Amino acid sequence: MFAISPQVSEDLHESSQPLHGNDGAALLNDRLKSFDARIHLLQDATDYIDIAYYTIYPGEAADIFFGEVLSAADRGVHVRILLDGIFHNLRFSLRSVFHALTHHQNIELRYWEPFNPFKPWTWQHRLHDKMLLVDGRYGILGGRNIGDQYYFDNEQYKPVFDMDVLIRGDADVSTSGLHAARSYFETLWHAPYAELQEPSRITERKVVDATNTYMEAASKYETSSDLPACVPVAMIHMVHNPLDRGSKDPAVLYAMRDYSNSAKERIVLQSPYIIINGAMRKHAEFTGEAERIFLTNSEAVSPNYLAIAGYLNNRKRLLRSSDIFEYQGPGSLHGKTILIDGTTVGIGTFNMDPRSSFLSTETMVFMESERLASQLEEMLECYMEASLPPPESQKVPFIKRLTILLVRLIVAPFHYML
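Below, the structure is looked at part by part.

**Regarding the overall build of the chain**
Item 1. For the chain, the helix and strand inventory stands at 12 helices and 19 strands.
Item 2. In summary, the chain has a C-alpha radius of gyration of 21 Å against a globular reference of 22 Å for 418 residues, a match within 12%.
Item 3. Each of the three principal axes of the chain carries a C-alpha extent, and together these read 60 × 50 × 45 Å.
Item 4. By the burial criterion, 59% of the 418 residues in the chain qualify as buried.
Item 5. Long-range contacts, defined here as pairs at least 24 residues apart, represent 83% of the contacts in the chain between residues at least 6 apart.
Item 6. Once the 39 positive and 53 negative side-chain charges of the chain are each reduced to a mean point, those two points are 8 Å apart.

**Examining the sheet that holds strand 12 (residues 266–270)**
Item 1. An order of 11-18-17-16-12-13-14-19 is seen for the 8 strands of this open sheet, with the pairing classed as mixed. Single-partner strands in this sheet number two, and they are strand 11 (235–240) and strand 19 (387–388).
Item 2. Of the pairings in the sheet, the one linking strand 12 to strand 13 (residues 291–297) comprises 5 bridges and is parallel in character. Each bridged residue has a counterpart across the sheet, and for Q270 the counterpart in strand 13 is L295.

**Here's the deal with a positive patch on the surface**
Item 1. A contiguous patch of positive charge, built from R281, K316, R317 and R320, is present on the exposed surface.
Item 2. In this structure, K316 sits in helix 9 (residues 305–319).

**Considering the nonpolar core**
Item 1. Core analysis: the biggest nonpolar cluster contains 50 residues, and L82, W112, M131, M367 and L372 have the highest contact counts within it.
Item 2. Examining the composition of this core, we find that 7 residues originate from one element, helix 11 (residues 370–385), more than from any other.
Item 3. Apart from residues lying up to four places away in sequence, L372 is in contact with A25, A26, L27, V231, V233, V345 and M367.
Item 4. Among the nonpolar cores identified, the runner-up in size contains 48 residues, and F66, V69, A72 and L83 belong to it.

**As for the side chain of Q149**
Item 1. By the element assignment, Q149 lies in helix 4 (residues 148–151).
Item 2. The residues contacting Q149, other than those within four sequence positions of it, are R31, Y57, Y157, K158, P159 and V160.

**Some words on a nonpolar patch on the surface**
Item 1. Taken together, the side chains of F398, I399, L402, L405, L406, L409 and I410 make up a nonpolar region of the molecular surface, amounting to roughly 740 Å² of accessible area.
Item 2. Residue placement: L406 occurs in helix 12 (residues 398–411).

**Section: unusual backbone geometry**
Item 1. P330 follows G329 through a cis peptide bond whose omega is 10°.
Item 2. In this fold, P330 is placed in the loop between strand 14 (323–327) and strand 15 (332–333).
Item 3. The omega torsion across P390 and P391 is 10°, close enough to zero to call that bond cis.
Item 4. Along the chain, the position of P391 falls in the loop between strand 19 and helix 12.
Item 5. Of note in the backbone geometry, N89 takes a positive phi value of approximately 70° without being a glycine.
Item 6. Topologically, N89 is positioned in the loop between strand 3 (78–84) and helix 3 (95–102).
Item 7. Relative accessible area serves as the criterion here: at 23%, N89 is assigned to the partly exposed category.
Item 8. The backbone of D135 sits at a positive phi, close to 60°, despite the residue not being glycine.
Item 9. Relative to the helices and strands, D135 resides in the loop between strand 5 (131–134) and strand 6 (138–142).

**Here we look at the packing of helix 2 (residues 60–74) against helix 3**
Item 1. Interaxial distance between helix 2 and helix 3 falls to 11 Å at its minimum, and their mutual angle equals 10°. Classed by the angle they form, the pair helix 2 and helix 3 counts as roughly parallel. On the side of helix 2, the interface is formed by F66, V69 and L70, while helix 3 contributes V97, A100 and L101.
Item 2. Of the residues contributing to the contact of helix 2 with helix 3, the split by class is 6 nonpolar, no polar and no charged.

**A look at the sheet that holds strand 5**
By definition, the strands of a sheet pair up through backbone hydrogen bonds, in either a parallel or an antiparallel sense.
Item 1. Taken in spatial order, the 9 strands line up as 9-4-3-2-5-6-8-1-10 in an open sheet, and their pairing is mixed. In this open sheet, the two edge strands, each paired with only one partner strand, are strand 9 (194–196) and strand 10 (231–232).
Item 2. One ladder, built from 6 bridges, connects strand 3 with strand 4 (residues 107–112); its direction is parallel. Residue V79 lies in a different strand from strand 4, and its bridge partner there is I107.
Item 3. Packed on one face of the sheet, helix 11 meets strand 1 (24–28) and strand 10 and runs near 5° to strand 1.

**Side note on helix 6 (residues 204–220)**
Item 1. Between the first and last C-alpha of helix 6 there are 24 Å, a value that for 17 residues agrees with the 24 Å anticipated at 1.5 Å per step.
Item 2. Where helix 6 is concerned, the buried positions are V207, A210, T211, Y214 and A218. An end-on view of helix 6 places all buried positions within 95° of arc, on one side of the element. Exposed and oriented more than 90 degrees from the buried face of helix 6 are R205, K206, S219 and K220.

**Here's the deal with the pairing of strand 16 (residues 337–340)**
Item 1. The alternating pattern of strand 16 places T337 and L339 and I338 and I340 on opposite faces, both of which are buried.
Item 2. Summarising the sheet, strand 12 and strand 16 pair through 4 bridges and their orientation is antiparallel. By the bridge assignment for strand 16, I267 is matched with I340.
Item 3. Hairpin remark: strand 16 followed by strand 17 (residues 344–348), antiparallel, with 3 residues in the connecting loop; positive phi at D341, about 55°.

Calculation rules
- Residues numbered from 1 in each chain as written.
- Predicted model: local features only at pLDDT ≥ 70, side-chain atom pairs only at ≥ 80, totals over all residues.
- Heavy atoms only, no water.
- Helix = DSSP H or I, 4+ residues; strand = E, 2+ residues; numbered from the N terminus.
- Rg over C-alpha atoms; globule rule 2.2 N^0.38 Å.
- Buried < 20%, exposed > 50% of the residue type's maximum accessible area, 1.4 Å probe, protein only.
- Contact = heavy atoms within 4.5 Å.
- Lys, Arg positive; Asp, Glu negative; His and termini not counted.
- Charge placed at Lys NZ, Arg CZ, Asp CG, Glu CD.
- Pairing = 2+ DSSP bridges.
- Patch = residues over 30% accessible without salt bridge, like charges linked within 9 Å, V, L, I, M, F, W, Y side chains within 5 Å.
- Areas by Shrake-Rupley, 256 points an atom, 1.4 Å probe, with all protein chains shown as cover.
- Salt bridge = Lys/Arg side-chain N within 4 Å of Asp/Glu carboxyl O.
- Core = buried A, V, L, I, M, F, W, Y, C linked by side-chain atoms within 4.5 Å.
- Axes fitted to C-alpha atoms, helices over the stretch in contact; angles between N-to-C directions.
- Parallel < 35°, antiparallel > 145°, perpendicular 65-115°, else oblique.
- Nonpolar A, V, L, I, M, F, W, Y, C, P; charged D, E, K, R; others polar.
- Expected span 1.5 Å × (residues − 1).
- Arc of directions from axis to C-beta.

Below, the structure written as structure tokens:
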């Protein structure tokens, strides 16, 4: 019944193995319910909280999230936070978050490869993981950062539709996906690229004011949903890229290849943009006979001009071997998922592009569950109903179309960095 043979490809990272334990999982597709799930885990924490995120956006979501983090720390919970060293955004309007976190005795904050203008070889080595691990009992992994556009309806933002997975297990049991997730977080946390952030010299009053501001925001927020029930999974397999700086061995790409080539009937792969260059084709040639469908953003809705330019430069070649559906809105897609034969799902941070393959830290969680597969299929079908096959598309504003055309010319020689 396995969608992939238990014999893991030799190309995969040696610590990456499919696990057959007693884990449960729930898909977090609904934007508000995904936020509420995070809040429930923070509120229920009693021992430790481990957090890793690529970026934080100013707004209500960040205020509430960090208010709950500070409340947990006040209860004696040990909190470790790892953020990307360039895109963390804990500056300017969010600088007070930095002060509140670094001055709390139960919170440690580290940045992954902080920006250094004199070390250009570190600039591309980004932390792209997104995970929240609590007490060894629950974890949330997926594509969402912390920002209003991912969770709330807000006139200031166009909605971003994404996917996370809530995992229930036991980090002390070696066959649990949470054991693999906690081990990976430990590896990230103790890597030489993760630099501890020391508190700034500010007055105690400013620290107290900042802490109170965020804790007050959290106290006023009321969740509108309970923590979702988890369904049993027959197999869970967490795969991550190596942490080496520079061009990495593409472990997650290998896993995507192996799972795809194991398919007998149908593969649906969702990514905000799809840029498959020569190096990726060399490492991950698709040899299966299953129908392959890509779901991605259209030029009209994509907010990422660099990435959509790389996709458009690559699209004609993709159409030779795959069907493509381009999402037309509302908002845009940010999910990174794969559905295989109605039995296996993959959810994580991996964009189908060279950056996720070779440069950034990335995570994908593969699970065998017909119930989860059925739920994911239903969600993807909803997005596909709002999509069109290229070259059909809604009208792209002239200025945006012209800008992307110019960007396509500029990025063509640098596709390996997209």
